[in-house]
Amino acid sequence: MSEARTTALRGFGSSSGHRQSAHGQARQARPLYTPEEQRRRDQTPWTLVQGLLAPFQFVVFVVSLVLVLRCLLTGEGTFAADMSVIAKTLTLYTIMVTGSIWEKVVFGKWLFAPAFFWEDVVSMLVIALHTAYLVMLLGKIGTIEARLTVALAAYLTYVVNAAQFVLKLRAARLQAKAA
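Taken as a whole and judged by the stated rule, the model has six salt bridges. Between Asp82 and Arg147 there is a salt bridge, with the nearest N and O atoms lying 2.9 Å from each other. Linking Asp82 in helix H4 (residues 78-107) with Arg147 in helix H6 (residues 144-178), this pair joins segments that are 65 residues apart in sequence. Both residues of the pair, Asp82 and Arg147, belong to the buried class. Between Glu119 and Lys168 there is a salt bridge, and its shortest N-O distance comes to 3.2 Å. Placement of Glu119 in helix H5 (residues 117-138) and of Lys168 in helix H6 is noted, with a sequence separation of 49 residues between them. Overall, Glu119 belongs to the buried group, its relative accessible area being 5%. We classify Lys168 as partly exposed; its relative accessible area is 22%. Bridged by salt links that share partners, the residues Glu36, Arg39 and Arg40 form one connected network.

Thresholds applied
Every chain is numbered independently, its residues counted from 1 as its sequence is written. Per-residue local features of the predicted model are confined to residues with pLDDT of at least 70, and side-chain atom pairs are confined, for both listing and counting, to 80 or more; whole-chain, interface and lining totals are unaffected and use all residues. Where side-chain values are given, they derive from all heavy atoms of the structure, hydrogens and water being excluded. Put simply, a salt bridge is a Lys or Arg side-chain nitrogen that is within 4 Å of an Asp or Glu carboxyl oxygen. Note on conventions: DSSP H or I runs of at least 4 residues are helices, E runs of at least 2 residues are strands, and numbering of each starts at the N terminus. For each residue, the accessible area found with a 1.4 Å probe, counting protein chains only, is set against the maximum for its type, and the residue is called buried under 20%, exposed over 50%, and partly exposed in between.

Structure representation (structure tokens):
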């Protein structure tokens, strides 16, 4: 691992709000929200919507994951598994549309605002995989196992994406406490 990368990774875990540049110089990390963005975040009802939809989506995910795994392991419950993945996909679409509105209100961009750029990139992969599942289901493409494997890939990507958001929001809280 290069010295610059090691230094950058060391700075990434820092809760002091400072980062090391590739040249070893300390620089202040950009806060997740400017004061104006934080004001807009706190005033918009879309923040509450996102705060309610995120745990709801997680519950739908857990139930669906159980049903998908049961179907793959036993061959039973295909209809229930399919319905649960459809519910998860519709929930995902809802949180993505409302999240895009939230991002526009807070950051002035529908998607890919610098503060959440990589989270949005991975979200696009999550949406693509969920949509591929729907295409397979509605188009009667592939086997049940292949379709549910796509659902599992979508779910794995969703977990990565959810972790991105949780870590980003945790970092924002730590920055706010340090300020």
